[in-house]
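Next come the chains, spelled out residue by residue.
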Amino acid sequence: MEQKPEIIFTFPACMGGVASFNFNIINHSRLIKKFHSKVILIRAKEDQLPPFLESFHADEVLHFDFSFKENKYLVLKRLNKLLGNKPGCIVTDNALTVFAANKFKNPKTVFQLLHDFYYVKEAIACAGMTDAVIAHSSFFSDAVFASDPALYFNRSFFIPYGVRQLAQYPDKNNATLNLVFLGRMDQSKGVHLLYEIEQGLAKKNIHVNWTVIGKGPLKKNVLEQWKDAINISFQEPDSTEEVYAALKKQDVFIFPTSFEGTPVSIMECMANAIVTVTNDLPGGIRDLVTENTGFRCAMNDVAEYIDIISTLHNDRNKLDQLQQQCYRMAHEHYDIENNADHYFEKFLEYDSLKRKEKHAAVMLSKLDKPWLPNWFVKGLRNLK
């Protein structure tokens, strides 16, 4: 029997949009069976983010732990050993994997994923080391292509992403407007602005219910902000099922984020017939949030958020129309069952996309040499 090609996914083993993205395309593609699939969850010793707890439907799930203080050459060598030398492809979003494959001339085709501008910059730093890049926003795909058209011609792809869809439209007959925040609780996601929005609504005598879904470093501060409020609940679901259970009764997603690629949270809210109000950022937000599905505000303009929520509170027909359009758009364009297969259709082109040669070399420091033992390098770096 002919042996299947391998597909290797590598990404950080921490909770967040990157892990969710990989989880969804791995667990929902019907074409993954054409590969022998392997997931490598990468975790740095210095990383304090909460772990990703979902289970992957892959043939193998491995863990790769390392420290930034180690001899990087040895780290790359150890990682490349896990990548293997069988025919197939590597799907990654991190430079560590790209460097490992390039340094040790791994025969697999390397696909680099672009989630937001951070990953665009990382792809440019790895230019010449990968075979193709894929973004779930046309903006970021174009950004990499524009950085070096000759290098990325016919190698920079835009493939829309998706999430699980509901079998039927959820019940939205809420007498009181239900507002939800879904995301990591940190400064860049704007969770600290929710209380200011609540205060503005209270001044207009608009009573709403709030649900904050997520974990993060600002949670203690946010709890302190809201300590006297009785119209808010905080939830920390561990699975997509639990997130969807919390979303079904919500009306409007309030998301004053200041740094995004293509937010999974917006697609999950659309699938649950929730209207999004968010900052107007280039990238996936502008693909997802249109006049038919939500509102884009000037960066952190709290007054604009308050005005939009007030409009939706007073005009329930408009809210209902937008919710139905969100639900329909999610089904038509962001169904993970279909879109995950579109990714694997591209992965199956691994042989034709393999570059004949790569023109970039991995540059390592004086301490990252093959003959220097790990204990010695770590000892020196611990002294700094």
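Details of the structure are given in the entry above.
None of these values were measured; they are calculated from a predicted model. (Residues numbered from 1 in each chain as written. Predicted model: local features only at pLDDT ≥ 70, side-chain atom pairs only at ≥ 80, totals over all residues. Heavy atoms only, no water.)

Peer 1: For this particular structure, what's the right way to read a nonpolar patch on the surface?
Peer 2: Side chains of W375, F376, L380 and L383 sit close together on the surface and give an oily, nonpolar patch of about 470 Å² of accessible area. Structurally, F376 is set in helix α16 (residues 374–383). Since its relative accessible area comes to 33%, F376 is described here as partly exposed. (Patch = residues over 30% accessible without salt bridge, like charges linked within 9 Å, V, L, I, M, F, W, Y side chains within 5 Å. Areas by Shrake-Rupley, 256 points an atom, 1.4 Å probe, with all protein chains shown as cover. Salt bridge = Lys/Arg side-chain N within 4 Å of Asp/Glu carboxyl O. Helix = DSSP H or I, 4+ residues; strand = E, 2+ residues; numbered from the N terminus. Buried < 20%, exposed > 50% of the residue type's maximum accessible area, 1.4 Å probe, protein only.)

Peer 1: What should I look at first to understand the pattern of salt bridges in this one?
Peer 2: When charged atoms on two side chains of opposite charge get close, those side chains can pair. Per the stated rule, a full pass over the model turns up 14 salt bridges. Salt-bridge contacts for E70 lead to R78; the nearest nitrogen and oxygen are separated by 3.2 Å. For E70, a relative accessible area of 8% corresponds to the buried category. The exposure class of R78 is partly exposed, given its relative accessible area of 33%. Its salt-bridge partner being K227, residue E224 comes within 2.9 Å of it at the nearest N-O pair. The exposure class assigned to E224 is partly exposed, which follows from its relative accessible area of 47%.

Peer 1: Whenever I open this one, helix α7 (residues 194–203) confuses me. Can you help?
Peer 2: An α-helix turns once every 3.6 residues. As a result, residues three or four positions apart point the same way. Turning to α7, its buried residues number three or more, namely L194, I197, E198, G200 and L201. Seen along its axis, α7 keeps its buried residues to an arc of 160°; they face one direction. On its buried side, α7 packs onto β8 (177–182), β9 (208–213), β11 (252–255) and α12 (302–314). Just beyond α7, the residue with positive phi is N205, at close to 60°. (Arc of directions from axis to C-beta. Contact = heavy atoms within 4.5 Å.)

Peer 1: I keep staring at the packing of helix α1 (residues 17–28) against helix α14 (residues 336–347) and nothing clicks. Help me out?
Peer 2: In a pair of packed helices, the angle between the axes and the distance between the axes together describe the arrangement. The N-to-C vectors of α1 and α14 enclose an angle of 90°; their axes lie 8 Å apart at closest approach. One finds that α1 runs roughly perpendicular with respect to α14. Residues F21, N24, I25 and H28 of α1 pack against I336, E337, A340, Y343, F344 and F347 of α14. Across the contact of α1 with α14, the residue classes tally to seven nonpolar, two polar and one charged. (Axes fitted to C-alpha atoms, helices over the stretch in contact; angles between N-to-C directions. Parallel < 35°, antiparallel > 145°, perpendicular 65-115°, else oblique. Nonpolar A, V, L, I, M, F, W, Y, C, P; charged D, E, K, R; others polar.)

Peer 1: For this particular structure, what's the right way to read the nonpolar core?
Peer 2: When a protein is soluble and globular, its nonpolar side chains tend to lie buried together. Counting residues in each nonpolar core, the largest one holds 92 residues, and the members touching the most others are F9, W210, I254 and F347. Judged by nonpolar contacts, the second largest core, of 21 residues, contains I8, A44, L76 and A100. (Core = buried A, V, L, I, M, F, W, Y, C linked by side-chain atoms within 4.5 Å.)

Peer 1: What exactly am I supposed to notice about the sheet that holds β9 here?
Peer 2: The strands that make up a sheet pair up through hydrogen bonds in the backbone, lying either parallel or antiparallel. One open sheet accounts for six strands, arranged β10-β9-β8-β11-β12-β13; its pairing is parallel. The open sheet has two edge strands with one neighbour each: β10 (232–235) and β13 (294–297). For this sheet, the mean angle separating the axes of adjacent strands, direction not counted, is 20°. Looking at chain direction, strand β12 (residues 275–279) and β13 are connected through four bridges and run parallel. For V277, the partnering residue across the bridge sits in β13 and is F295. Packing of helix α9 (residues 240–247) onto the sheet brings it into contact with β8, β9 and β10, and relative to β8 it is tilted by some 155°. With respect to the sheet, helix α13 (residues 316–333) is in contact with β8, β11, β12 and β13, its orientation differing from that of β12 by roughly 90°. (Pairing = 2+ DSSP bridges.)

From the geometry alone we can't say anything about function, so treat these as descriptive.
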